[in-house]
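# Close look at the chain arrangement
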Amino acid sequence: SIDTKGFGLTITNIVGRSSILSIGGDIFINEHGGDLSIFSKGGNLSVKKLNGEFSNFKSYGESILIEDAQTDMYISNQYGNINLKNIRGAMNVDTKNGDIDVDNYIGNLIAGTNSGDIFLEDIIGSTDISSNFGNIKCKLNYDSSFENSYHSIQTLEGDINLIIPKKLSMSLNSKLGFNRSTQDITSEIPLNFLLENQKTVGRASIYDGTIPVTLYTKNGFISIRDY
């Protein structure tokens, strides 16, 4: 258990459960085996090589970086960005004004931001993604060993850019806000368009439609590509 104020903290090669409270300084942790709880006010937070059952990170600082982690996590950064790389485990991630960037992930992901953008790269598993005023770009991947996959992506004012593997078995449902045109959805996958409650909806079922994929933007645009 560590309580610091006004200076930085560096920790390496720890085995066990740790609880850290830091005000006014940067935190750098490398190689931590066990559950980790951090509350940080001011400064950057960087954690690399983390293994455990559940870790909790809450920050009012500049940025959070978590890299090479295998654990379930709750991550909150009120004002800054969140960057996550090479993660295995369920995650709940939120920030009010920052961006969220997730690269190479396997698990169940819940992520939300108010005014920031969300960037997801090589995502395997399930996602529940939301932003009020930001854009969302998501490149999905697939592993047959992960069961019950689904993806829900929505934003009010931002655009959605979805990239999916070719021949992925999915049921795609893309929806716009009131009185929008089919021209506001571009897709390399043929969509069947219809009007539901004055909302334009584009649907497609590919290879039996195993994985549900739902997209919604009220005032933005939707782009769907495959690779």
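In what follows, the structure referred to is the one given above.
Just so it is clear, the model here is predicted, and its values are computed rather than measured.

## So, the overall build of the chain
- Counting its regular elements, the chain contains 0 helices and 20 strands.
- Principal axes of the C-alpha set define a box for the chain whose edges measure 60 × 35 × 25 Å.
- Looking at the chain as a whole, 45% of its 227 residues are labelled buried.
- For the chain, long-range pairs separated by at least 24 residues make up 28% of all intrachain contacts whose partners lie at least 6 apart in sequence.
- Accessible surface for the chain amounts to roughly 10,800 Å². Of this, 45% is attributable to carbon and sulfur atoms.
- The distance from the centre of the 19 positive side-chain charges to the centre of the 26 negative ones in the chain is 4 Å.

## Quick word on empty space enclosed by the protein
- Throughout the structure, instances matching the rule amount to 1 cavity of 30 Å³ or more.
- Its volume calculated, the largest cavity comes out at about 30 Å³.
- Contributing to the lining of the largest cavity are Gly125, Leu140, Asn141, Tyr142, Ser149, His151, Leu168 and Ile211.
- Split by residue class, the lining of the largest cavity holds 4 nonpolar, 4 polar and no charged.

## What to know about the environment of Gly209
- The residue Gly209 is located in the loop between strand 18 (199-206) and strand 19 (211-217) in this model.
- Residue Gly209 is classed as buried on the basis of its relative accessible area, which comes to 18%.
- Measuring from C-alpha to C-alpha, the distance between Gly209 and Ile11 comes to 47 Å, with 198 residues separating the pair along the chain.

## Regarding unusual backbone geometry
- The backbone of Lys49 sits at a positive phi, close to 60 degrees, despite the residue not being glycine.
- Positionally, Lys49 belongs in strand 6 (residues 44-59).
- We classify Lys49 as partly exposed; its relative accessible area is 42%.
- With a phi angle near 55 degrees, Asp122 is a residue other than glycine that sits in the positive phi range.

## A word on the nonpolar core
- In this structure, Phe57, Ile66, Ile75 and Met91 are the most contacted members of the largest nonpolar core, which totals 51 residues.
- For Ile66, the residues in contact, after removing those within four places along its chain, are Val47, Phe57, Met73, Ile75, Asn83, Leu84, Lys85 and Ile87.

## Topic: the pairing of strand 15 (residues 170-178)
- Pairing geometry for strand 15 and strand 18, over 7 bridges, is antiparallel. Bridged to Leu172 within strand 18 is Ala204.
- Strand direction decides the pairing type here: strand 15 and strand 19, joined by 7 bridges, are parallel. The partner of Leu172 across the bridge, within strand 19, is Val213.

## Regarding the environment of Asn148
- Turning to its location among the elements, Asn148 is positioned in the loop between strand 12 (136-140) and strand 13 (151-155).
- Taking the C-alpha atoms as reference points, Asn148 and Asn197, separated by 49 residues in sequence, lie 29 Å from one another.

## As for the side chain of Ser126
- Its place among the elements puts Ser126 in strand 11 (residues 118-131).
- Its relative accessible area of 1% is what places Ser126 among the buried residues.
- Polar contacts involving the side chain of Ser126 include one to the main-chain amide nitrogen of Tyr150, which spans 3.1 Å.
- Not counting chain neighbours up to four residues away, the residues in contact with Ser126 comprise Gly107, Asn108, Leu109, Phe146, Asn148, Ser149, Tyr150 and His151.

## Some words on the pattern of salt bridges
- Applying the stated criterion across every chain yields a total of 6 salt bridges.
- Asp122 is paired through a salt bridge with Lys139; the nearest N and O atoms lie 4.0 Å apart. In this pair, Asp122 sits in strand 11 while Lys139 sits in strand 12, placing the two residues 17 residues apart along the sequence.
- A relative accessible area of 24% places Asp122 in the partly exposed class.
- Here Asp226 makes a salt bridge to Lys166, at a shortest N to O gap of 3.2 Å. Placement of the pair is Asp226 in strand 20 (residues 222-226) and Lys166 in the loop between strand 14 (160-164) and strand 15, with a sequence separation of 60 residues.
- What makes Lys166 exposed here is its relative accessible area of 51%.

Reading the values: the criteria
Residues numbered from 1 in each chain as written. Predicted model: local features only at pLDDT ≥ 70, side-chain atom pairs only at ≥ 80, totals over all residues. Heavy atoms only, no water. Helix = DSSP H or I, 4+ residues; strand = E, 2+ residues; numbered from the N terminus. Buried < 20%, exposed > 50% of the residue type's maximum accessible area, 1.4 Å probe, protein only. Contact = heavy atoms within 4.5 Å. Areas by Shrake-Rupley, 256 points an atom, 1.4 Å probe, with all protein chains shown as cover. Lys, Arg positive; Asp, Glu negative; His and termini not counted. Charge placed at Lys NZ, Arg CZ, Asp CG, Glu CD. 1 Å grid on protein atoms, 1.4 Å probe; cavity = no way out; pocket = protein on both sides within 12 Å on 5 of 7 lines; lining within 4 Å. Points joined across faces, edges and corners; volume = space filled by probe spheres on them. Nonpolar A, V, L, I, M, F, W, Y, C, P; charged D, E, K, R; others polar. Core = buried A, V, L, I, M, F, W, Y, C linked by side-chain atoms within 4.5 Å. Pairing = 2+ DSSP bridges. Polar contact = N/O pair within 3.5 Å; in protein donor to acceptor, adjacent residues only side chain to side chain. Salt bridge = Lys/Arg side-chain N within 4 Å of Asp/Glu carboxyl O.

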